[in-house]
Amino acid sequence: LHAAWTMAGVDAQMVVADASIAPPIALQALSQVHHKPRGRGVTRFAALLRGIPAIIARQRPDVLFCAGNTYTALAVALKLTLGPACPPIVVK
């Protein structure tokens, strides 16, 4: 999706929760990759919840897209944490 959005002229950036599972070619194509620490379960969730608000504050995205069910709980936690400062979230 990121490649298609970029080709369509959308300034899309990606937060990668675990670069070890992302295809290297996809990572090379990104202008900016925000890679959060790897971990498992609650550790990864906590690391993402600590790190993503700073990225949102710095990048000020128009919308957040959650590409899968795995991170839907994180999207809800971000909304609760950021309140009105949270951009709209679209979840697949």
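The model shown is predicted, which means the values in this text are computed figures rather than measured ones.

Below, the discussion takes up the overall build of the protein chain. Scanning the protein chain for helices and strands turns up 4 helices and 4 strands. Listing every helix and strand of the protein chain by position from the N terminus yields α-β-α-β-α-β-α-β. Here the protein chain holds 92 residues, and 28% of them are scored as buried. Contacts spanning at least 24 positions in sequence make up 47% of the contacts within the protein chain whose residues lie at least 6 apart. Counting only carbon and sulfur atoms, one obtains 62% of the accessible surface of the protein chain, whose full area is about 6,300 Å².

This part is about the environment of Q13. When you line up the elements, Q13 lands in the loop between α1 (2-7) and β1 (14-16). Sequence separation between Q13 and Q59 is 46 residues, and the spatial gap between their C-alpha atoms is 9.1 Å.

A surface patch of nonpolar side chains, about 520 Å² in accessible area, is lined by L1, W5, V10, V63, F65 and V90. Overall, L1 belongs to the exposed group, its relative accessible area being 62%.

Judged by nonpolar contacts, L48, I52, I56, L64, L74, L78, L82 and C86 together constitute the single largest core of 8 residues. Dropping the residues within four chain positions of it, C86 is found in contact with L64, L78 and K79.

Turning our attention to the packing of aromatic side chains. The full count for this structure, using the stated rule, is 1 aromatic pair. For the pair W5 and F65, a centre-to-centre distance of 5.3 Å together with 85 degrees between the ring planes defines the contact as edge-to-face. One end of the pair, W5, is in helix α1; the other, F65, is in strand β3 (residues 64-66), and 60 residues separate them in sequence. Residue classification places W5 among the partly exposed residues on the basis of a relative accessible area of 33%.

Attention now goes to helix α4 (residues 72-82). Residues of α4 that are buried include every one of L74, A75, A77, L78 and L82, and no others. Axial view of α4: buried residues confined to an arc of 165 degrees, hence all on one face. G83 sits one or two residues past α4 and shows a positive phi near 60 degrees.

Let us look at unusual backbone geometry. The backbone phi angle of R60 is positive, close to 50 degrees, even though this residue is not glycine. You can see R60 is positioned in the loop between α3 (41-59) and β3. The exposure class of R60 is exposed, given its relative accessible area of 68%.

So, on to the confidence of the model for the protein chain. Residues with a pLDDT of 70 or more make up 71% of the protein chain, whose mean pLDDT is 75. Model confidence for the protein chain, summarised as mean pLDDT per element, is weakest for helix α2 (residues 24-29) at 49 and strongest for α4 at 89. A low-confidence stretch, residues 27-31 (pLDDT under 50), is modelled with 6 contacts involving residues beyond four sequence positions or located in other chains.

Within the secondary structure, K79 sits in helix α4. Leave out the neighbours within four places in its chain, and K79 touches C86 and I89.

Rules and cut-offs
- Residues numbered from 1 in each chain as written.
- Predicted model: local features only at pLDDT ≥ 70, side-chain atom pairs only at ≥ 80, totals over all residues.
- Heavy atoms only, no water.
- Helix = DSSP H or I, 4+ residues; strand = E, 2+ residues; numbered from the N terminus.
- Buried < 20%, exposed > 50% of the residue type's maximum accessible area, 1.4 Å probe, protein only.
- Contact = heavy atoms within 4.5 Å.
- Areas by Shrake-Rupley, 256 points an atom, 1.4 Å probe, with all protein chains shown as cover.
- Patch = residues over 30% accessible without salt bridge, like charges linked within 9 Å, V, L, I, M, F, W, Y side chains within 5 Å.
- Salt bridge = Lys/Arg side-chain N within 4 Å of Asp/Glu carboxyl O.
- Core = buried A, V, L, I, M, F, W, Y, C linked by side-chain atoms within 4.5 Å.
- Phe/Tyr/Trp six-rings, centres within 6.5 Å; stacked < 30°, edge-to-face > 60°.
- Arc of directions from axis to C-beta.
- pLDDT = per-residue confidence, 0-100.

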